[in-house]
Amino acid sequence: SLSAGLDLPGRFLFATLTLMTLIAILVFIEEAVYIYRKIPSSKRSIIIWINAAAPVISTTSCIGMWVPRSTMFTDFTAGIFFAIVIHKFLMMMIKECGGQKVLLRRFENGHFTISTGPCCCCCLCLPRVPITRQTLFWLKLGTFQFAVFRPVLVFLSIVLWTNGNYVLYNLSPKRPALWISCFIGALTLFALWAVGIMFRKVRILLKCKNIIPKFALYQFIVILNHLQTTIINIFATQKIIPCAPPLSSTARGSYIAQQLLIMEMFLITVISRVVYRRKYHDLEPPECVAEEPGDKNQTP
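Fair warning: this is a prediction, and the values are worked out from it, not measured in the lab. (Residues numbered from 1 in each chain as written. Predicted model: local features only at pLDDT ≥ 70, side-chain atom pairs only at ≥ 80, totals over all residues. Heavy atoms only, no water.)

Peer 1: Can you lay out the overall build of the protein for me, pointing to particular residues and giving the numbers?
Peer 2: For the protein, the count of helices and strands is nine helices and two strands. The secondary structure elements of the protein, listed N-terminal to C-terminal, are α-α-α-α-β-β-α-α-α-α-α. Of the contacts made within the protein by residues no fewer than 6 positions apart, 74% connect residues no fewer than 24 positions apart. Roughly 16500 Å² of accessible area belongs to the protein as shown, and the carbon and sulfur atoms make up 68% of that amount. (Helix = DSSP H or I, 4+ residues; strand = E, 2+ residues; numbered from the N terminus. Contact = heavy atoms within 4.5 Å. Areas by Shrake-Rupley, 256 points an atom, 1.4 Å probe, with all protein chains shown as cover.)

Peer 1: For the environment of L90, give the residues involved together with the corresponding values.
Peer 2: Within the secondary structure layout, L90 lies in helix α3 (residues 71–96). For L90, a relative accessible area of 0% gives the class buried. Sequence spacing of L90 and M198 is 108 residues, and the spatial spacing of their C-alpha atoms is 7.3 Å. Discounting residues that sit within four places of it in the chain, L90 has contacts with L139, K140, T143, A194, V195 and M198. (Buried < 20%, exposed > 50% of the residue type's maximum accessible area, 1.4 Å probe, protein only.)

Peer 1: Hey, could you go over the confidence of the model for the protein for me, with residue numbers and the actual values?
Peer 2: On average, residues of the protein score 81 in pLDDT, and 85% of them are at 70 or above. Within the protein, helix α9 (residues 287–290) has the poorest average pLDDT of any element, 44, and helix α1 (residues 8–38) the best, 90. Confidence drops under pLDDT 50 across residues 288–300; counting only partners more than four residues distant or on other chains, this segment forms eight contacts. (pLDDT = per-residue confidence, 0-100.)

Peer 1: Give me the lowdown on the UniProt feature "transmembrane region" (unreviewed entry) in the protein, citing residues and values where you can.
Peer 2: Within this structure's numbering, the places UniProt gives as "transmembrane region" (unreviewed entry) are residues 12–34, 46–67, 73–91, 137–161, 176–195, 215–236 and 256–276. With 100% helix and 0% strand, residues 215–236 has end C-alpha atoms that lie 31 Å from one another. (UniProt positions renumbered as here; feature names shortened; annotations may be inferred.)

Peer 1: Please give an account of the packing of helix α5 (residues 133–162) against helix α6 (residues 176–202) that cites residues and values.
Peer 2: It is the contact of α5 with α6, at a shortest axis distance of 9 Å, that shows an interaxial angle of 160 degrees. With respect to each other, α5 and α6 are oriented roughly antiparallel. In this structure, the crossing between α5 and α6 has a hand that is left-handed. Contact residues: α5 offers L136, L139, G142, T143, Q145, F146, F149, R150, L153, L156, S157 and L160, while α6 offers P176, I180, F183, I184, L187, T188, F190, A191, A194, V195, I197 and M198. For the contact of α5 with α6, the residue count by class is 18 nonpolar, five polar and one charged. (Axes fitted to C-alpha atoms, helices over the stretch in contact; angles between N-to-C directions. Parallel < 35°, antiparallel > 145°, perpendicular 65-115°, else oblique. Left-handed = near helix turned anticlockwise from the far one by under 90°. Nonpolar A, V, L, I, M, F, W, Y, C, P; charged D, E, K, R; others polar.)

Peer 1: With reference to specific residues and values, describe the nonpolar core.
Peer 2: Counting residues in hydrophobic clusters, the biggest one holds 64 residues, and the most contacted among them are F89, M93, M198 and Y218. Only α1, α2 (41–66), α3, α4 (100–106), α5, α6, α7 (211–237) and α8 (249–277) provide two or more residues apiece to this core. Residue contacts for F89: discarding those within four places in its chain leaves I50, V195, I211, K214, F215, Y218 and Y276. Within the second largest apolar cluster, nine residues are counted, among which are F14, L17, C62 and M65. (Core = buried A, V, L, I, M, F, W, Y, C linked by side-chain atoms within 4.5 Å.)

Peer 1: Give a detailed account of the layout of surface pockets, specifying residues and quantitative values.
Peer 2: Size it by volume and the largest pocket reaches roughly 1200 Å³. Looking at the largest pocket, it is lined by 50 residues, and the ones nearest its centre are R150, N225, H226, L227 and T230. Only α2, α3, α5, α6, α7 and α8 provide two or more residues apiece to the lining of the largest pocket. Considering only residue class, the lining of the largest pocket consists of 24 nonpolar, 22 polar and four charged. (1 Å grid on protein atoms, 1.4 Å probe; cavity = no way out; pocket = protein on both sides within 12 Å on 5 of 7 lines; lining within 4 Å. Points joined across faces, edges and corners; volume = space filled by probe spheres on them.)

Peer 1: Now, about the pattern of salt bridges: what can you tell me, with residues and values included?
Peer 2: Within this structure, the stated rule accounts for six salt bridges. For the salt bridge of R273 with E30, the shortest nitrogen-to-oxygen distance reads 3.1 Å. Residue R273 is located in helix α8, and its partner E30 is located in helix α1; the two are separated by 243 residues in the primary sequence. The class of R273 is partly exposed, set by a relative accessible area of 29%. Between R277 and E31 there is a salt bridge, with its nearest N and O atoms 3.2 Å apart. Of this pair, R277 sits in helix α8 while E31 sits in helix α1, and the two are 246 residues apart along the sequence. For R277, a relative accessible area of 23% translates into the label partly exposed. (Salt bridge = Lys/Arg side-chain N within 4 Å of Asp/Glu carboxyl O.)

Below you can see the structure in the form of structure tokens.
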């Protein structure tokens, strides 16, 4: 078994990381109870979903650490969950502005700047897009497509894996792993692009609601869960991370990635509790609402 093959420092490390995962779960449960009691029902489920991202990734990493053969399933589970969280974060920014109708009134003559990362940060010549119901629909579609297609591609990968056609670390052009990974990467970039466009527009308005620290935590999860893990896996595949019998290079890379994620997600869970637990005042209604015909005769 895995525990039998560990020395004393290894067992201590595994026990410490498991304890950190359990603490992260308990912190999230306590935070979810607080949100359920204190936050309005329109925002409740969205904020709970976003706060659950770090504990879920920590839990899947802990399971993958103890049960190495489950790594593929735990990585896919974390990826599917975070795909949903990306869409939820976009919806949270819209909700914090008062909803779609109020947002459209607030930015009636405004424009979205689409020359932003991660897709078009260098394309400064791109035109600004008016803020309309249609452009909001396309932004929401940009994140929703990732929440839909990511599970479909994961299911396809598992089906191919059961037949022996899908090998996670085999990026040969003749193998489906390369093409599925590229397609998921493209969908991820489009989803992150939509969130970046919305954040760039509302970050000043929602500064009083600490949207910048919230966005920073969300970005850290993206970077650590995707970019960091990908870099470590590439190093392991290229044998830059040496093997240590009985563990191969890829197995050691997987262990390193999982152990780093557990520690990082634990810190993000604790910081998220501080950021999201604060009480924020609602935004003032947009001026254009008060200037609509018929509103002047109504009692405030």
